[in-house]
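# Secondary and tertiary structure notes
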Amino acid sequence: MFIAPDGNARFAADCHANMEFNNIIVVGGGTSGWMAAISLASYLPDKRITVIDPASISPIGVGEATTGVVQRFVNDPRHRLSQQDLFRHCDTTLKLGVWYKDWQGAGTDYPTPIDAPFRWFPHTYGQDGEDFYALAAADGQALGDIQIHAILMRLNKTDLIRQPDGAISDQYADPSCHFDALQFAAWLKRVAPSRENIVHVDDVVTSFDQDATTGHIRSVTTEQGQTFAGDFFLDCTGFRRQLLQPAYTPAWIDYSRHIRVDSAIPFFTPHDDAADIPVFTAAQALRHGWMWRLPTQSRMGNGYVYSSSYVSDENAVRELQQAGFDVGETPRIIRFQPGRFKSQWQGNVCALGLAGGFLEPLEATTIHITSVQIKALAELYLPFYTSAAAAVFARDFNRLMQSMYDDFVDFISIHYHAGREDSEFWRDYQRDDSITATNLERREKWQYRFPVREDLTPINTSRLHLVAGMPVWMPTLSGLGYLQPRQAQQFCRTSPFPTQAQENAQRYLRMREVICRNPVSHRDAIAYLRGESRGTPAAAPMN
């Protein structure tokens with residue numbers, strides 16, 4: 001052992017001891033502000049974290065689908081949160097994937113499950129994932145027909161299972177979730193004051209003081225005349241972008257050529273009491289964009305995402321009304337510009353979430369990006385931060401963010417290049433100039449070779465999940481017709497691990513049988529996760 005057991009606490013304290021860096025100021029609350037505060041308070045217990053979050057300004061939250069980062073955040077023991085409280089206080093439901101409808105034309109559909117097949121493989125090696133997907137494609141099978149979460153989506157069941165004695169078990173469960181974003185932020189806001197090093201200030205930041213020599217922000221001043229000095233500042237002010245942008249005027253990277261939507265009309269509808277709550281997000285293509293439908297426990301959250309360059313707000317509302325949705329006489333309309341700041345960390349200010357950029361609602365990238373940003377700060381940068389290190393850390397952080405955003409742009413935009421051409425909006429999307437350069441190269445390559453992980457993951461780490469990755473890309477490519485049997489068969493013939501690949505596939509199929517034999521309904525799963533029904537402790541996965 002390098003450190004005596006009784007020296008662990010002192011060693012941890014010494015590692016965080018940095019007298020130059022003591023005060024973190026979080027400007028704004030919402031999901032990004034309170035997630036950041038709780039996480040940084042856990043990782044940096046010797047730092048004082050002040051969150052200036054006024055009750056007079058509400059977060060933009062309209063309901064949210066996530067990628068799985070929320071469960072990882074909640075289940076991180078350092079954060080001292082509980083999954084039971086997540087389901088009790090945030091209207092949370094389970095999400096097993098996204099079901100795309102009409103994207104390739106009226107009447108078409110394909111589900112994109114989010115389960116990772118290699119979770120069950122007895123053999124792990126460099127191309128185990130490609131071998132699994134290629135075996136399915138070589139046999140002419142769509143991943144939306146054979147993956148565990150896809151089958152459960154079609155059954156509208158969860159990946160929790162009912163035991164022979166009637167108890168519920170979550171030992172094989174690995175879902176994502178939907179929740180009410182406002183309730184999620186409010187829950188974290190209630191929890192945060194129990195952390196000794198978090199202080200909440202109910203006030204509005206109106207100005208800041210900036211060092212003329214270094215450009216670093218020294219303090220912020222509020223509407224009530226309070227001044228808060230800090231060593232590092234987080235801009236969590238959403239689309240208002242009140243700190244990074246006015247302090248440093250960073251260049252804007254515009255993604256509107258590849259993401260053409262710029263408006264959203266969110267609205268809510270009641271659940272059908274006669275049916276179970278859906279276990280997926282529905283994404284239905286319309287003439288000038290698409291509509292999300294995502295369930296929380298109490299209602300359905302919906303929204304029409306469209307381009308104001310192709311349809312007026314009035315006609316967008318009319319489309320919804322003609323589809324049978326009552327959005328009221330004056331529906332809320334959210335405007336956004338797909339893009340990001342080139343430098344989301346500049347000086348001693350870092351913009352999180354919407355304050356640094358936004359793509360669009362498709363594929364639930366916003367909270368994922370926010371979570372990655374927070375984890376990077378908490379683990380890679382702020383424990384080692386000094387004013388001298390600020391510039392080099394900022395360059396590295398911005399490089400990682402560029403890779404992540406660009407990958408998500410590739411992933412989001414490829415959904416639109418699906419062949420639909422019933423309006424100018426969709427016809428323009430099928431043109432080559434709307435396709436990202438990376439996706440153009442991929443499409444050419446995939447005519448001759450099956451997709452491999454090197455095509456999809458330019459940068460990734462198990463710590464940060466910077467890119468979408470194969471478990472997310474492959475079901476989408478399968479649904480869009482990119483996983484062709486001929487290329488898959490050629491790939492399978494070249495695999496150096498044919499026996500292991502077959503054994504991996506067989507193990508996955510056995511696990512599919514176990515999980516899909518007696519899956520639990522969504523409402524029963526929610527009751528279990530809220531602590532309101534009987535379950536059994538999680539066990540090790542079956543062999």
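Thresholds applied
Along each chain, numbering runs from 1 in the same order as the chain's sequence is written. The predicted nature of this model means local features are confined to residues of pLDDT at least 70 and side-chain atom pairs, given and counted, to a pLDDT of 80 or more, with totals for whole chains, interfaces and linings taken over all residues. Side-chain metrics rest on all non-hydrogen atoms present in the structure, leaving aside hydrogens and water. Under the scheme applied here, a residue whose accessible area is under 20% of the maximum for its type counts as buried, over 50% as exposed, and between as partly exposed, the area being computed with a 1.4 Å probe on protein chains only. In this text, helices come from DSSP runs of H or I with a minimum length of four residues, and strands from runs of E with a minimum of two, each type numbered from the N-terminal end. The directions from the helix axis to the C-beta atoms are what the arc is built from. We call two residues contacting when some pair of their heavy atoms lies within 4.5 Å. At least two bridges found by DSSP between two strands are what make those strands a pair. The pLDDT value tells you how sure the predictor is about a given residue, anywhere from 0 up to 100. Stacked, edge-to-face and tilted are the three classes for Phe, Tyr and Trp ring pairs, Trp counted by its six-membered ring, which pair at centre distances within 6.5 Å; planes under 30 degrees apart are stacked, over 60 edge-to-face, the rest tilted. All axes are obtained by fitting lines to C-alpha atoms, using only the stretch in contact for helices, and the reported angles, taken between N-to-C directions, cover 0 to 180 degrees. Should an angle lie under 35 degrees it is considered roughly parallel, over 145 roughly antiparallel, and from 65 to 115 roughly perpendicular; all remaining angles are considered oblique. Handedness of a crossing is defined here by the sense of rotation of the near helix relative to the far one, left-handed for an anticlockwise turn of less than a right angle and right-handed for a clockwise turn. When residues are sorted by character, Ala, Val, Leu, Ile, Met, Phe, Trp, Tyr, Cys and Pro go into the nonpolar class, Asp, Glu, Lys and Arg into the charged class, and all the rest, Gly among them, into the polar class.

## Regarding helix α17 (residues 485–494)
Helical geometry: 3.6 residues make up each α-helical turn, so side chains three or four residues apart lie on a common side. Residues Gln487, Ala488 and Phe491 constitute the buried set of α17. All buried residues of α17 lie within an arc of 100 degrees about the axis, which places them on one face of the element. As for α17, its buried residues are in contact with α5 (128–138) and α14 (437–446).

## Re the sheet that holds strand β1 (residues 23–27)
Taken in spatial order, the 6 strands line up as β10-β2-β1-β14-β23-β22 in an open sheet, and their pairing is mixed. Pairing within the sheet leaves two strands with one partner each, and these edge strands are β10 (198–201) and β22 (345–346). Pairing analysis gives 4 bridges linking β1 to strand β14 (residues 232–235), with the strands arranged parallel. Of the residues in β14, the one forming a bridge with Ile24 is Phe232.

## Regarding the side chain of Arg260
Mapped onto the elements, Arg260 comes out in the loop between β15 (252–254) and β16 (263–269). Aside from chain neighbours lying at most four places away, what touches Arg260 is Ser307, Tyr310, Phe425, Asp428, Tyr429, Arg431, Asp433 and Ser434.

## Looking at the environment of Ala264
Mapped onto the fold, Ala264 is located in strand β16. On the basis of relative accessible area, Ala264 is assigned to the buried category, the value being 4%. When the C-alpha atoms of Ala264 and Arg332 are compared, they prove to be 8.4 Å apart, with 68 residues separating the residues in sequence. Filtering out sequence-adjacent residues up to four positions away, Ala264 remains in contact with Trp292, Tyr304, Val305, Tyr306, Arg332, Ile333, Ile334 and Phe336.

## Some remarks on the sheet that holds strand β4 (residues 93–95)
One open sheet accounts for 3 strands, arranged β3-β9-β4; its pairing is antiparallel. A strand with exactly one partner marks an edge of an open sheet, and here the two such strands are β3 (64–65) and β4.

## Description of the confidence of the model for the protein
Note that predicted coordinates carrying low pLDDT should not be read in detail. Looking at the protein, pLDDT values average 92 and 93% of them are 70 or higher. Across residues 537–543, confidence stays below pLDDT 50; counting only partners more than four residues off in sequence or on other chains, it has 11 contacts.

## As for the pairing of strand β18 (residues 289–295)
Among the 7 residues that make up β18, 6 are buried, leaving the element largely enclosed by the rest of the structure. Relative to β18, strand β17 (residues 281–286) runs antiparallel, the two being bridged by 5 bridges. By the bridge assignment, Ala285 is partnered in β18 with Trp290. Where β17 folds back onto β18 in an antiparallel hairpin, the turn is made up of 2 residues. Pairing geometry for β18 and strand β19 (residues 300–306), over 7 bridges, is antiparallel. If you follow Pro295 over to β19, its bridge partner there is Met300. Between the antiparallel neighbours β18 and β19 lie 4 residues.

## Here's the deal with helix α7 (residues 148–155)
Those residues of α7 lying buried are Ile148, His149, Ala150, Leu152 and Met153. Buried residues along α7 sit in contact with β5 (97–101), β6 (109–113), α6 (143–146) and α18 (498–517). In the segment just after α7, Asn156 is the residue with positive phi, at about 55 degrees.

## Notes on the packing of aromatic side chains
Per the stated rule, a full pass over the model turns up 37 aromatic pairs. Consider the rings of Trp252 and Phe341, whose centres lie 5.2 Å apart with planes at 80 degrees: the pair is edge-to-face. Residue Trp252 is found in strand β15, and its partner Phe341 is found in strand β21 (residues 339–341); the two are separated by 89 residues along the sequence. Taking the relative accessible area as the measure of exposure, Trp252 reaches 25% and is therefore partly exposed.

## Considerations on the packing of helix α2 (residues 30–43) against helix α8 (residues 181–191)
Packing of α2 against α8 brings their axes to within 9 Å, and their N-to-C directions diverge by 30 degrees. The angle between the axes of α2 and α8 places the two elements in the roughly parallel class. Along this stretch, α2 crosses α8, giving a crossing that reads as left-handed. Touching Gly30, Thr31, Trp34, Met35 and Ile38 of α2 are Ala181, Phe184, Ala185, Leu188, Lys189 and Val191, all from α8. Across the contact of α2 with α8, the residue classes break down as 8 nonpolar, 2 polar and 1 charged.

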